[in-house]
Amino acid sequence: QVQLVESGGGLVQAGGSLRLSCAASGRTFSSYTMGWFRQAPGKEREFVAGIRWSGGSSTHYADSVKGRFTISRDNGKGTVSLQMNSLKPEDTAVYYCAAEPSTLPSGLIWLASRYAYWGQGTQVTVTS
């Protein structure tokens, strides 16, 4: 069983920054595919960013956050982070950390159903 604990959400003005962190239990964290997803009220959960280990860290982003968000991981600490810059009101959502204890193919990293474990979510609110 893998437990994920998110932190770092909050309220920020448009153009500001936030950093989300997710701490994962599990002895083989370095092999996990880690993802961040978000869900806004009345909308489906959507992929934000993912990172997997394939001979080195490989990162993937939704088009809506490319150039503004950066996902990173610290295998020694068992953490994955999401640095969010130039935030927009449309980034407002509950953000979820997800883990899959295998290396997902790059074409599937965006698919929520492929992740076995989920955190409880952290609220991010961006005001205009």
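Here's what I pulled together on the structure shown here. Everything numeric here is computed off the predicted structure, so don't read it as measured data. (Residues numbered from 1 in each chain as written. Predicted model: local features only at pLDDT ≥ 70, side-chain atom pairs only at ≥ 80, totals over all residues. Heavy atoms only, no water.)

## Describing the pairing of strand β7 (residues 69-74)
Residue alternation in β7 divides its side chains into a buried set, F69, I71 and R73, and an unburied set, T70, S72 and D74. With six bridges connecting them, β7 and strand β8 (residues 79-84) associate as antiparallel partners. Note on β8: the bridge partner recorded for I71 is L82. Turn length for the β7-β8 hairpin, with the two strands adjacent in sequence and antiparallel, is four residues, and the turn residue G78 shows positive phi of about 70 degrees. (Buried < 20%, exposed > 50% of the residue type's maximum accessible area, 1.4 Å probe, protein only. Helix = DSSP H or I, 4+ residues; strand = E, 2+ residues; numbered from the N terminus. Pairing = 2+ DSSP bridges.)

## Focus: the sheet that holds strand β1 (residues 4-7)
Strand order in the open sheet made by the four strands is β1-β3-β8-β7, with antiparallel pairing throughout. Each edge of the open sheet carries a strand with a single partner, namely β1 and β7. The average angle at which neighbouring strand axes cross in this sheet is 15 degrees, direction not considered. (Axes fitted to C-alpha atoms, helices over the stretch in contact; angles between N-to-C directions.)

## Notes on the state of the cysteines
Within this structure, the stated rule accounts for one disulfide. Bridging C22 to C97, the disulfide has an S-S length of 2.1 Å. Note on the C22 and C97 pair: the S-S dihedral is about -80 degrees, so by sign convention the disulfide is left-handed. Within this pair, whereas C22 is found in strand β3 (residues 18-24), its partner C97 is found in strand β9 (residues 93-100), the two being separated by 75 residues in sequence. On the accessibility criterion, C97 (0% relative accessible area) is buried. (Disulfide = S-S within 2.5 Å.)

## What to know about the side chain of T122
Here T122 lies in strand β11 (residues 122-127). Within the structure, T122 has its side chain in polar contact with the backbone nitrogen of G9 (distance 3.3 Å). (Polar contact = N/O pair within 3.5 Å; in protein donor to acceptor, adjacent residues only side chain to side chain.)

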